[in-house]
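A closer look at the structure
Listed below are the residues making up each chain.
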Amino acid sequence: MDYQIVNINKIEQQGKGLLSFIEANRDVEFEIKRLYYIYEVPQGEIRGYHAHKRLKQLLFCPHGEININIDNGWEIESVLLDDPSKGLIIKEGIWRTMEFITEGAVLCVVASEYYDESDYIRTYDEFIEHVKGGYWK
Ligand code: TYD
């Protein structure tokens, strides 16, 4: 499936914690146009239930644990974001849900496009139509 798990740069300073960073044009293949984050989500809540026509994203969880379920229309896989230095790159055409496993978990996303509602595919039927055309019926 078209996703990648990446190690986000991490600097450890003895006794002073960790620092992670993501640099545009170096750590992600796409141009970064937007950063957003999702927080104060009740434990166990599931968000997402959509795909994108063009948008590429790098997801990471700087605090807590979030399970990302990704579906390309043929296969479904899960990636647990349970470490602030673990990133998940998802390209276009992937149906996703994000399950907030721990209370207070934060999902950060760097994205290749500005927010554009017309880029969303918000129903599963439309998603299958988008990735498989008329052939699946
Ligand atoms: P949405 O992407 O549907 O969130 P989730 O998949 O986590 O449930 O976005 C929720 C709402 O926020 C929706 O009305 C669109 C709006 N929104 C913006 O205005 N700008 C943004 O950058 C994003 C990501 C969402």
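Residues numbered from 1 in each chain as written. Predicted model: local features only at pLDDT ≥ 70, side-chain atom pairs only at ≥ 80, totals over all residues. Heavy atoms only, no water.

Taken together, R34, Y36, I38, R47, G48, H50, M98, Y115, Y120 and R122 make up the full set of residues near the ligand. Side-chain polar atom of Y120 to an oxygen atom of the ligand: 2.6 Å apart, as the coordinates give it. Interatomic distance of 2.9 Å between a side-chain N/O atom of R122 and an oxygen atom of the ligand. Within the residue set of the shell around the ligand, elements represented by two or more residues are strand 4 (34-38) and strand 5 (46-52). (Near = heavy atom within 4 Å. Polar contact = N/O pair within 3.5 Å; in protein donor to acceptor, adjacent residues only side chain to side chain. Helix = DSSP H or I, 4+ residues; strand = E, 2+ residues; numbered from the N terminus.)

In this section: the pairing of strand 6 (residues 57-63). For strand 6, a buried count of five out of seven residues is recorded, marking the element as mostly surrounded by other parts of the structure. Pairing geometry for strand 6 and strand 11 (residues 106-111), over five bridges, is antiparallel. Looking across to strand 11, one finds that H63 is bridged to V106. (Buried < 20%, exposed > 50% of the residue type's maximum accessible area, 1.4 Å probe, protein only. Pairing = 2+ DSSP bridges.)

Our focus in this paragraph is the pairing of strand 2 (residues 9-13). Two elements, strand 2 and strand 3 (residues 17-21), share five bridges in a ladder whose sense is antiparallel. From the neighbouring strand, E12 faces strand 3, where its bridge partner is L18. Where strand 2 folds back onto strand 3 in an antiparallel hairpin, the turn is made up of three residues, including G15, whose phi is positive at roughly 75°.

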